[in-house]
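A closer look at the structure
As a plain string of letters, each chain reads:
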Amino acid sequence: MAICNQSHFRSISTDHTFSTSSLFVSKRTSSSFAFRFHSFRCKSSLISKTLEVEPEPVLTSVKTFAPATIANLGPGFDFLGCAVDGVGDFVSLRVDSDVRPGEISISSINGVGDSSSRLSKDPLLNCAGIGAISAMKILGIRSVGLSLSLEKGLPLGSGLGSSAASAAAAVVAVNEIFGRRLSSADLVVAGLESEAKVSGYHADNIAPAIMGGFVLIRCYEPLDLIRLSFPIDKELFFVLVTPEFEAPTKKMRAVLPTEIEMSHHIWNCSQAGALVASVLQGDLKVLGSALSSDTIVEPKRAPLIPGMEAVKKAAIDAGAFGCTISGAGPTAVAVTDNEEKGKEIGYRMVEGFINDGGLKASAIIRRLDRVGARIVSNNPR
């Protein structure tokens, strides 16, 4: 169990402390420049309003679902992500008189793979627990104890936002129990507390997991999230191929370059801009091309995933508009506008992992999730 005492939160409209001192351009020679990146975090532990009165629960129990997510989308490292329909995590949350007021207890964990044996039931060490605790702090819950159970639909270390899905489902569940007092931005802030402890302070998984669709993270303080509307009349299928290989986020971040050539910076910025435009226009040809064009992160991570380069080539040769690493990997994601074509693309990508990487792999075809985390069932008081 973990105590959720109320903490003080500043309004995001005031008292901003935004530092850019950790990002600077260094001159290497008279004709060559490189961007050098140090640890950079917009320190946001803020919500858009402060709750003065502790809310009472309006539900006795609730079950929520949060979808898988694809982060980065190639050149959008740490600031672009989208949600994927039909696969994700479930959280069941209930008011529990056996749990001390102001505390939360994780009663059970089950689901795919070895999730139940690898994930801790200590809420301070579990992404769903951390997210739920953060939401309880924001709401100022001191008089009610909650019990949480987690059902993992996403494998750990898959590059599909497994930790974010658990956190998103948990913060939405807490918010529902107490009458939907928090906005989407508040929920993202709560979920970010979990992401910070598990994989790093970035919202390109947690934001789309909560909000659905494509999300651009413009800034963290004040939190500025821009939802990018993909045209409703356009088809978009993600071909997700996951090999039997784990790529821990911390390990995959450790290989990132500390300096970036100006030419790569300009190229990636232009591709990220094209990616945003293609999402808004529903232009899958440009979307796929931009998604495939990262010259900063993917070239460092791909060699750590056996067969990844061959898989990307196989996807494009089979007719995909583009292919890249989903999040930190090892899942590879390709895009197409046709489900049947997606099945053939997936088959060829699986072959690539087997033949060139020596890894067994599985493929699924999924649409864009336009909804985000939502309620599956609830029981009013």
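In the block above lies the structure referred to throughout.
Residues numbered from 1 in each chain as written. Predicted model: local features only at pLDDT ≥ 70, side-chain atom pairs only at ≥ 80, totals over all residues. Heavy atoms only, no water.

**Quick notes on the side chain of Asn 268**
Secondary-structure assignment places Asn 268 in helix α7 (residues 262-281). Assessed through its relative accessible area of 7%, Asn 268 is described here as buried. If we ignore the near neighbours within four places in the chain, the residues touching Asn 268 are Pro 75, Ser 293, Asp 294, Thr 295 and Ile 296. (Helix = DSSP H or I, 4+ residues; strand = E, 2+ residues; numbered from the N terminus. Buried < 20%, exposed > 50% of the residue type's maximum accessible area, 1.4 Å probe, protein only. Contact = heavy atoms within 4.5 Å.)

**Overview of the layout of surface pockets**
If you add up the space inside the second largest pocket, you get close to 590 Å³. Contributing to the lining of the second largest pocket are 33 residues, with Gly 157, Ser 163, Val 198, Ser 199 and Thr 249 lying nearest its centre. Listed by contribution, the elements that provide at least two residues to the lining of the second largest pocket are α3 (162-177), α4 (184-198) and α6 (249-254). In terms of residue class, the lining of the second largest pocket is built from 10 nonpolar, 13 polar and 10 charged. (1 Å grid on protein atoms, 1.4 Å probe; cavity = no way out; pocket = protein on both sides within 12 Å on 5 of 7 lines; lining within 4 Å. Points joined across faces, edges and corners; volume = space filled by probe spheres on them. Nonpolar A, V, L, I, M, F, W, Y, C, P; charged D, E, K, R; others polar.)

**Digging into unusual backbone geometry**
Note that the residue after Glu 221, namely Pro 222, is joined by a cis bond; omega there is 0°. Examined against the element boundaries, Pro 222 turns out to sit in the loop between β8 (214-220) and β9 (223-228). Cis geometry marks the peptide bond from Gly 329 to Pro 330; its omega dihedral reads 10°. With phi around 80°, Asn 72 is a residue other than glycine that occupies positive phi space. Inspection of the secondary structure puts Asn 72 in the loop between β4 (59-71) and β5 (80-95). Residue Asp 78 is not a glycine yet carries a positive backbone phi of 70°.

**Quick look at the packing of α7 against helix α8 (residues 284-291)**
It is at 8 Å that the axes of α7 and α8 come closest, and there the two elements cross at 150°. Here α8 runs roughly antiparallel to α7, going by the angle between their axes. Handedness of the α7/α8 crossing: left-handed. Seen from α7, the contacting residues are Gln 271, Ala 274, Leu 275, Ser 278 and Val 279; seen from α8, they are Val 286, Leu 287, Ser 289, Ala 290 and Leu 291. Partitioning the contact of α7 with α8 into residue classes produces seven nonpolar, three polar and no charged. (Axes fitted to C-alpha atoms, helices over the stretch in contact; angles between N-to-C directions. Parallel < 35°, antiparallel > 145°, perpendicular 65-115°, else oblique. Left-handed = near helix turned anticlockwise from the far one by under 90°.)

**Focus: the nonpolar core**
Within the largest apolar cluster, 77 residues are counted, with the highest numbers of intra-cluster contacts made by Leu 148, Val 188, Phe 214 and Phe 238. Considering each element in turn, this core owes the most residues, 11 residues, to α3. (Core = buried A, V, L, I, M, F, W, Y, C linked by side-chain atoms within 4.5 Å.)

**Digging into the side chain of Asp 96**
Residue placement: Asp 96 occurs in the loop between β5 and β6 (103-111). At 3.3 Å, the side chain of Asp 96 forms a polar contact with the side chain of Arg 94. In terms of polar contacts, Asp 96 uses its side chain to reach the backbone amide nitrogen of Asp 98, at 2.8 Å. (Polar contact = N/O pair within 3.5 Å; in protein donor to acceptor, adjacent residues only side chain to side chain.)

**Some points on the pairing of β5**
As judged from the 11 bridges shared by β4 and β5, these two strands associate in the antiparallel manner. Bridging across to β5, Ile 70 finds its partner in Cys 82. Summarising the sheet, β5 and β8 pair through three bridges and their orientation is antiparallel. Within the sheet, the bridge partner assigned to Cys 82 lies in β8 and is Phe 214. Pairing of β5 with strand β7 (residues 146-152) involves six bridges; the strand directions are antiparallel. Each residue of the ladder has a partner; that of Phe 90, found in β7, is Glu 151. (Pairing = 2+ DSSP bridges.)

**Section: the pattern of salt bridges**
For the structure on display, the rule yields 16 salt bridges. For Asp 96, the salt bridge goes to Arg 94, with nearest N and O atoms at 3.3 Å. Owing to a relative accessible area of 41%, Arg 94 belongs among the partly exposed residues under this scheme. Across the pair Arg 367 and Glu 235 runs a salt bridge, and its minimum N-O distance is 3.3 Å. Placement of the pair is Arg 367 in strand β14 (residues 361-367) and Glu 235 in the loop between β9 and β10 (237-243), with a sequence separation of 132 residues. Residues participating in the shared-partner salt-bridge network are Asp 85, Asp 369 and Arg 374. (Salt bridge = Lys/Arg side-chain N within 4 Å of Asp/Glu carboxyl O.)

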